[in-house]
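Residue-level structural notes
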Amino acid sequence: MKPEQSLSVAIIALNEEDRLPACLESVRFADEVVVVDSGSTDRTVAIAEASGCRVYVEDWKGFGRQKQSAVDKCRHNWVLIIDADERVPPETAAAICTSIQDAAIDGCSFPRKNFFNGKWIRSCGWWPDRVVRLFRRDRGNMKDVLVHETVHVRGVVVDLDTPLYHYPIRSLSDVLVKINRYSSLGAEKLYQAGGRSSVFKAAIKGIAAFMKTYFLQRGVFGGAEGFILSFSHGVYTCYKYLKLCEKKVQSHES
């Protein structure tokens, strides 16, 4: 008889008291939940502890290393990595429970349903937005990058049809916060890779990113949400390259 497989859930969090409860409720089927917090000033830690999670508070190390730290603390055969703004619907939970008992599978990917203003966004490159999030703990790891981290699985990865739900944006103010944070991280990633930029290049990159998202990725058919997301992506891209220019100047001055 094959040994029963068990599941850990790994979550990183920062000031997620509003979204974490629904996330934790959606993963109650797991055998344990590990939360690595990076210094929340709200009730995030208290909520996680009250829900029975194993909670650790650590300095921020970048998305890849922070998530790997959470994975390293997991105790079970399989790990599911999700963010505090994600949910695992019942049909996906059932698919996960079935998949981890299959000896031929080393990892699974999921499509993500991304929501904004209460709407499921199918344009702007937001669907199917497939991500690998489930893997055998001894067969997978997070790639060591500052942002846009992914899971590397050594073995067979199966594409499941059941989705994860993703609620990445609270408000327009949240969009601005994300643009600032992610453009800084993106600029640092480009800088470490030896990337080059200029004000002209930043402008062209930003315009191209908007055009691609709004027209090629059909944001034009997404109403107000499609325009906002396309415009935001263009602004993010422009600022990422402007901040790369800034870093280049600062490195020459030091």
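This text follows the structure it describes.
Treat the numbers as computed from the prediction; the structure is a model and nothing was measured.

Relative to the 26 Å expected for 18 residues at 1.5 Å per residue, helix H6 (residues 199-216) spans 25 Å between its end C-alpha atoms, a close match to the ideal helical length. Among all positions of H6, only Ala 202, Gly 206, Ala 209, Phe 210, Thr 213 and Tyr 214 are buried. All buried residues of H6 project into a common sector of 110° when viewed along the axis, lining one side. Facing away from the buried side of H6 by more than 90 degrees, the exposed set consists of Phe 200, Ile 207 and Leu 216. Buried-residue contacts for H6 involve helix H7 (223-253). Immediately beyond the C-terminal end of H6, within one or two residues, lies Arg 218, with a positive phi of roughly 65°.

On to the sheet that holds strand E6 (residues 107-110), then. The strand order E3-E2-E1-E4-E9-E6-E12 describes an open sheet built from seven strands, whose pairing is mixed. The sheet is open, and its two edges are formed by strand E3 (54-57) and strand E12 (157-159), each paired on a single side. Put simply, the sheet's adjacent strands are angled 25° from each other on average, direction ignored. Of the strand pairs in this sheet, strand E1 (residues 7-13) and strand E2 (residues 32-37) are connected by six bridges, and their pairing is parallel. Counterpart to Ala 10 in the pairing with E2 is Val 34. Most of the contacts of helix H3 (residues 63-72) go to E1, to which it runs at about 145°, and overall it touches E1, E2, strand E4 (78-81) and strand E9 (131-136). Each of E1, E4, E6 and E9 touches helix H4 (residues 90-99); the most contacted strand, E6, lies at about 165° to it.

Looking now at the layout of surface pockets. Its boundaries defined by the atoms lining it, the largest pocket holds a volume of some 1,600 Å³. Lining the largest pocket are 47 residues, with His 148, His 166, Pro 168, Lys 178 and Tyr 182 sitting closest to its centre. Per-element accounting of the lining of the largest pocket gives the leading share, seven residues, to helix H5 (residues 172-192). Of the residues that constitute the lining of the largest pocket, the class distribution is 22 nonpolar, eleven polar and 14 charged.

Once that is clear, we can look at the packing of H6 against H7. Between H6 and H7, the shortest axis-to-axis distance is 8 Å and the interhelical angle comes to 160°. When the axes of H6 and H7 are compared, the pair comes out roughly antiparallel. Of the two possible hands of crossing, H6 and H7 adopt the one that is right-handed. Two secondary-structure elements touch here, H6 through Val 199, Lys 201, Ala 202, Ala 203, Lys 205, Gly 206, Ala 209, Phe 210, Thr 213 and Tyr 214 and H7 through Gly 226, Phe 227, Ser 230, Phe 231, His 233, Gly 234, Thr 237, Cys 238, Tyr 241, Leu 242 and Cys 245. For the contact of H6 with H7, the class distribution of residues is twelve nonpolar, seven polar and two charged.

Time to look at the sheet that holds strand E8 (residues 119-120). Strand pairing in a sheet takes place through backbone hydrogen bonds and is either antiparallel or parallel in direction. Spatially, the four strands line up as an open sheet ordered E5-E13-E7-E8, and their pairing is mixed. Each end of this open sheet is capped by a strand with a single partner; those strands are strand E5 (86-87) and E8.

Here we come to H4. For H4, the full list of buried residues reads Thr 92, Ala 93, Ala 95, Ile 96 and Ser 99. Here the buried residues of H4 occupy an arc of 160° about the axis, which is enough to place them on one side. Across from the buried face of H4, at angles greater than 90 degrees, the exposed residues are Pro 90 and Thr 98. Residues of H4 that are buried in the fold lie against E1, E4, E6, E9 and strand E13 (164-166).

This part covers the nonpolar core. Counting residues in hydrophobic clusters, the biggest one holds 30 residues, and the most contacted among them are Leu 80 and Leu 134. Only E1, helix H1 (20-26), E2, helix H2 (44-50), E4, H4, E6 and E9 provide two or more residues apiece to this core. Per element, the largest residue contribution to this core is four residues, and it comes from E1. Once residues lying within four places of it in the same chain are set aside, the contact partners of Leu 80 are Leu 7, Ser 8, Val 9, Ala 10, Phe 29, Val 88, Ile 96, Phe 110, Arg 133 and Leu 134.

Here the focus is the pairing of E3. Here E2 runs beside E3; their pairing, made up of four bridges, is parallel. Residue pairing in the sheet places Val 36 in a bridge with Tyr 56 of E3. Handedness of the β-α-β unit built from E2, H2 and E3 comes out right-handed.

What counts and what doesn't
Residues numbered from 1 in each chain as written. Predicted model: local features only at pLDDT ≥ 70, side-chain atom pairs only at ≥ 80, totals over all residues. Heavy atoms only, no water. Helix = DSSP H or I, 4+ residues; strand = E, 2+ residues; numbered from the N terminus. Expected span 1.5 Å × (residues − 1). Buried < 20%, exposed > 50% of the residue type's maximum accessible area, 1.4 Å probe, protein only. Arc of directions from axis to C-beta. Contact = heavy atoms within 4.5 Å. Pairing = 2+ DSSP bridges. Axes fitted to C-alpha atoms, helices over the stretch in contact; angles between N-to-C directions. 1 Å grid on protein atoms, 1.4 Å probe; cavity = no way out; pocket = protein on both sides within 12 Å on 5 of 7 lines; lining within 4 Å. Points joined across faces, edges and corners; volume = space filled by probe spheres on them. Nonpolar A, V, L, I, M, F, W, Y, C, P; charged D, E, K, R; others polar. Parallel < 35°, antiparallel > 145°, perpendicular 65-115°, else oblique. Left-handed = near helix turned anticlockwise from the far one by under 90°. Core = buried A, V, L, I, M, F, W, Y, C linked by side-chain atoms within 4.5 Å. Right-handed = clockwise from strand over helix to strand, strands pointing away.

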